[in-house]
Amino acid sequence: MICPPKLEAEVYTYMYVCKYNGKIFNILLSPNPPLGYDTMNSIEIQYLQRLEEVDSCEGDDEEDVERMMDESDRVSAEVEIAVLKASQSLMQALAPETQDETQIKPLRSWMYPEIIDLQIVTKDGKLVAVKRDDAPTLDFHPPITDPHIIGISVPHHQVSEIQVLAELFPYVYKVLVNGQIMCAKVTRNAVHDSMSDEVKKLSQIQTTNFGAFVRVPQLQALIVSHTGIVGFLIDYIASLGYHLEDALRCAKATSGTLVKEGNGPPLPEITISKAQKEKWSGQIEETLRALHARNIIWGDAKMANILIDEVTDDAWVVDFGGGNTEGWIDPELHGSVAGDIQALERIKKELADD
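So, here is what we can say about the structure in this document. Computed from a prediction, not measured in an experiment: that's the story for all the values here. (Residues numbered from 1 in each chain as written. Predicted model: local features only at pLDDT ≥ 70, side-chain atom pairs only at ≥ 80, totals over all residues. Heavy atoms only, no water.)

Within the chain one finds 8 helices and 14 strands. Overall, the C-alpha framework of the chain stretches about 70 × 50 × 40 Å when taken along its three principal axes. Per-residue burial over the chain gives 40% buried out of 354 residues. Of the contacts made within the chain by residues no fewer than 6 positions apart, 62% connect residues no fewer than 24 positions apart. Split by element, the accessible area of the chain, about 19600 Å² in all, is 50% carbon and sulfur. Of the side-chain charges in the chain, 31 are positive and 56 negative, and the distance between the mean point of each set is 5 Å. (Helix = DSSP H or I, 4+ residues; strand = E, 2+ residues; numbered from the N terminus. Buried < 20%, exposed > 50% of the residue type's maximum accessible area, 1.4 Å probe, protein only. Contact = heavy atoms within 4.5 Å. Areas by Shrake-Rupley, 256 points an atom, 1.4 Å probe, with all protein chains shown as cover. Lys, Arg positive; Asp, Glu negative; His and termini not counted. Charge placed at Lys NZ, Arg CZ, Asp CG, Glu CD.)

Encoded structure:
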């Protein structure tokens, strides 16, 4: 499962979304089956009734609420297993195993994978899955329509021209464009102002010509699909760990000051000196002060939005999308110079902690 079941509001239905052999399957559990399938006492309706019952129950006290949540989890897991079992043979037929999963693929195939719609129905008293060809087409990467973004004078690259080397984070990729490694960031679900704001800030930083002391990845190009502008390309920073927060965590594990929880894979060994942390702290502050002098706000200032170049050992500030992670900036200060400074002080404190 790559995302939890989604509750539809008007009619109580569940939509399961899973990835199988490189294809995305939308599996619908609905009280309204297509023609030709059981409608009276159908198994899927019984499952939906049970799901609705545990979803709508309210407890009188904390113990009741906990018991209700446990029951809800149990029923949800039971139904999920039944849905996937009913779908398995059809998914295997529609998405046979291929041998090219490790090959480099164009960004288009990542953004617009083949999506197959199934529905769970009862046929002769047995739960089965059927393919639906009448489901609406969903676009998870709607275009940016901001006129300012459309008018930015940078190259445009089609999604079919960009080769994905690795997925760094959801909707963020390490890519190859005309032989050059870059970082691609694409729109998601609905067009948020954050994507447009980030492109505007990157464009402003680029045209200001701050100089090498402002370490922000340069805007290289806009990404275009059949619908319009759906993302942008910036410099790729080969970083120490995923980001600074991750690098510090690995360093603590290496030194033995971090007690690792769970049985996951061991953290990579990283050693960070006090001099390095002092250097990064100064570089981050230098970059932020220069940006503020031109009225450019970082916004989502935090350790996870700082990359340490594994080659030059310099600290780079990234992600100007305007998010706000709890614990770094007070809500009333978000989107302001004061908010950036508050996060900067907290970052410096983290770096000063031995």
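A cluster of nonpolar side chains, Ile104, Leu165 and Ile181, forms an exposed patch at the surface whose accessible area comes to about 250 Å². Mapped onto the secondary structure, Leu165 falls in strand S8 (residues 163-169). (Patch = residues over 30% accessible without salt bridge, like charges linked within 9 Å, V, L, I, M, F, W, Y side chains within 5 Å. Salt bridge = Lys/Arg side-chain N within 4 Å of Asp/Glu carboxyl O.)

It is worth spelling out the environment of Glu78 at this point. Relative to the helices and strands, Glu78 is located in helix H2 (residues 62-94). Assessed through its relative accessible area of 30%, Glu78 is described here as partly exposed. Here the alpha-carbon distance between Glu78 and Tyr47, two residues 31 residues apart in the chain, equals 9.3 Å. Discounting chain neighbours no more than four positions away, the residues touching Glu78 are Tyr47 and Arg50.

Note that every value here comes from positions in space, so none of it alone points to a role or purpose.
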